[in-house]
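# Fold and geometry: a report
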Amino acid sequence: MSLKIKVPIAWFGPGTLVHHASIVCEGGRVTYAGPSAAAPPGDEFLEVDGFLMPGVADRHVHIRLADPGAVLLGGVTAVRDLGWVPEEILALANASELPSFTGPVIRAAGPMLTAPGGYPTQASWAPAGMGRELEGPEDAAAVVAELADAGVASVKVALNAEDGPTPSDAELAAIVQAAHERALPVTAHVQGPGQAERAVGAGMDEFAHTPWTERLSNPLLESAARTMRIVSTLDIFSFGRVTPELRTACDNLVRFRSAGGTVVYGTDLGNGAISAGIHLREALLLYEAVRMTPEEVLGAMTAGPIAVDGPADLIVLGSDPLMRLEALGDLRVVVRAGRVVSG
Ligand SMILES: [Zn+2]
């Protein structure tokens, strides 16, 4: 059963805006994306007066603290869970690939690797098993191998010196080496003086949040920009207000981008008052406070361009977000794996 969607305007990805576009999907994949004039027919046909783009990917969520159905209906078709009990979240990630699942496709890091007694093992909101306490470099490497076998998509490390002890540099080195041997990226929660520098020094691949507890030096941001990307999560520092934490984070993020660094959209959904689905305030902060262009913001919010053989995960907005980003709040249709879930 194929589905064809026709729209007056579609953004396939950075640099590719198509007027009078059609997308045809079948079996969860895109089989045609291009001008309507050349499009093949579909078994099912939907014409929407709106702006079509890839579904939004949120690179930092805790999906067990949210409603997956609401996340999908809100336009987010893919999420990466950065911290939960591994057995539970990996089972959910597997289930999310099935057509019967009502929610975004979920990829997961499993637990946060930490020191004995370290964050988040003492946090009131964290279930038992959300932090994995390391007992030396050999144990750290073994834990990463175990998680890789279990099917994690990345490895999360807690470097939160404000809330307890953190793994040693030797453990960090062992984590990065073991993860890279399995082609897994390492993402770090850094909080407290010197922790961002430790993550860069250990060769980690990503900051799970924009560092917000201290102003990072230009040389540090320059070396981070060469090898790491940053998941934004700006609104989690402010919830719509202006706070010192938000100012510090934006200052770091602007200079990271000036040094050529890559920023992706993430909200830390589940941790505080973040709305399920597209979180407009996060997108607006990237535009207003970080000075990304609307097209750069859309690029940060999506996992890849609409293309033949790519996932048929699409959204249609009521107007053009390249003209006015607030259009991200005017969602008309959500398509997940080639099936219309709203509209
Ligand atoms: Zn988080």
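Structure: above.
Remember, it's a predicted structure, so these values are computed and weren't measured experimentally.

For the structure shown, the criterion picks out 2 aromatic pairs. Judged by centre distance (6.3 Å) and plane angle (65°), the rings of Tyr119 and Trp125 are edge-to-face. Plain terms: the ring middles of Trp212 and Phe237 are 4.9 Å apart, the flat faces sit at 25° to each other, and that makes the pair stacked. Taken together, the residues span a long stretch of sequence, with Trp212 in the loop between strand E13 (206–207) and helix H6 (218–227) and Phe237 in the loop between strand E14 (229–231) and helix H7 (244–258) at a distance of 25 residues. Residue classification places Trp212 among the buried residues on the basis of a relative accessible area of 12%. The class for Phe237 is buried, based on a relative accessible area of 9%.

Here the zinc ion is held by the protein donor atoms His60 (NE2), His62 (NE2) and Asp268 (OD), which lie 2.0 to 2.2 Å from it. Every donor residue of the zinc ion comes from the same chain, spaced as H-x1-H-x205-D. A single burial state applies to His60 and to His62, both of which are buried.

Across 6 bridges, strand E2 (residues 16–26) lies against strand E3 (residues 29–35) in antiparallel orientation. The residue of E3 that forms the bridge with Glu26 is Arg29.

Next up on the list: the pattern of salt bridges. Summed over the entire model, instances satisfying the criterion amount to 13 salt bridges. Note that Glu88 and Arg64 form a salt bridge whose closest N and O atoms lie 2.5 Å from each other. Taken as a pair, Glu88 in helix H2 (residues 86–95) and Arg64 in the loop between strand E6 (56–61) and helix H1 (68–73) lie far apart in primary sequence, 24 residues in all. A salt bridge links Glu146 to Arg132; the nearest nitrogen and oxygen atoms lie 3.0 Å apart. Remark: Arg132 occurs in strand E10 (residues 131–133) and Glu146 occurs in helix H3 (residues 137–150); sequence separation between them is 14 residues. We classify Glu146 as partly exposed; its relative accessible area is 41%. What emerges from the salt-bridge pattern is a single network uniting Arg80, Glu206 and Arg229.

This next bit is on unusual backbone geometry. For the bond from Tyr119 to Pro120, the omega torsion is 5°, close enough to zero to count as cis. You can see Pro120 is positioned in the loop between strand E9 (112–114) and E10. The backbone phi angle of His20 is positive, close to 50°, even though this residue is not glycine. With respect to the helices and strands, the residue His20 is situated in strand E2. A relative accessible area of 58% means that His20 is categorised as exposed. In this structure, Ala337 is a non-glycine residue whose phi angle is positive, near 50°. By secondary structure assignment, the location of Ala337 is in the loop between strand E17 (331–336) and strand E18 (339–342).

Calculation rules
- Residues numbered from 1 in each chain as written.
- Predicted model: local features only at pLDDT ≥ 70, side-chain atom pairs only at ≥ 80, totals over all residues.
- Heavy atoms only, no water.
- Phe/Tyr/Trp six-rings, centres within 6.5 Å; stacked < 30°, edge-to-face > 60°.
- Helix = DSSP H or I, 4+ residues; strand = E, 2+ residues; numbered from the N terminus.
- Buried < 20%, exposed > 50% of the residue type's maximum accessible area, 1.4 Å probe, protein only.
- Donors = N, O, S within 2.8 Å, 3.2 Å for Na, K, Ca; no water.
- Pairing = 2+ DSSP bridges.
- Salt bridge = Lys/Arg side-chain N within 4 Å of Asp/Glu carboxyl O.

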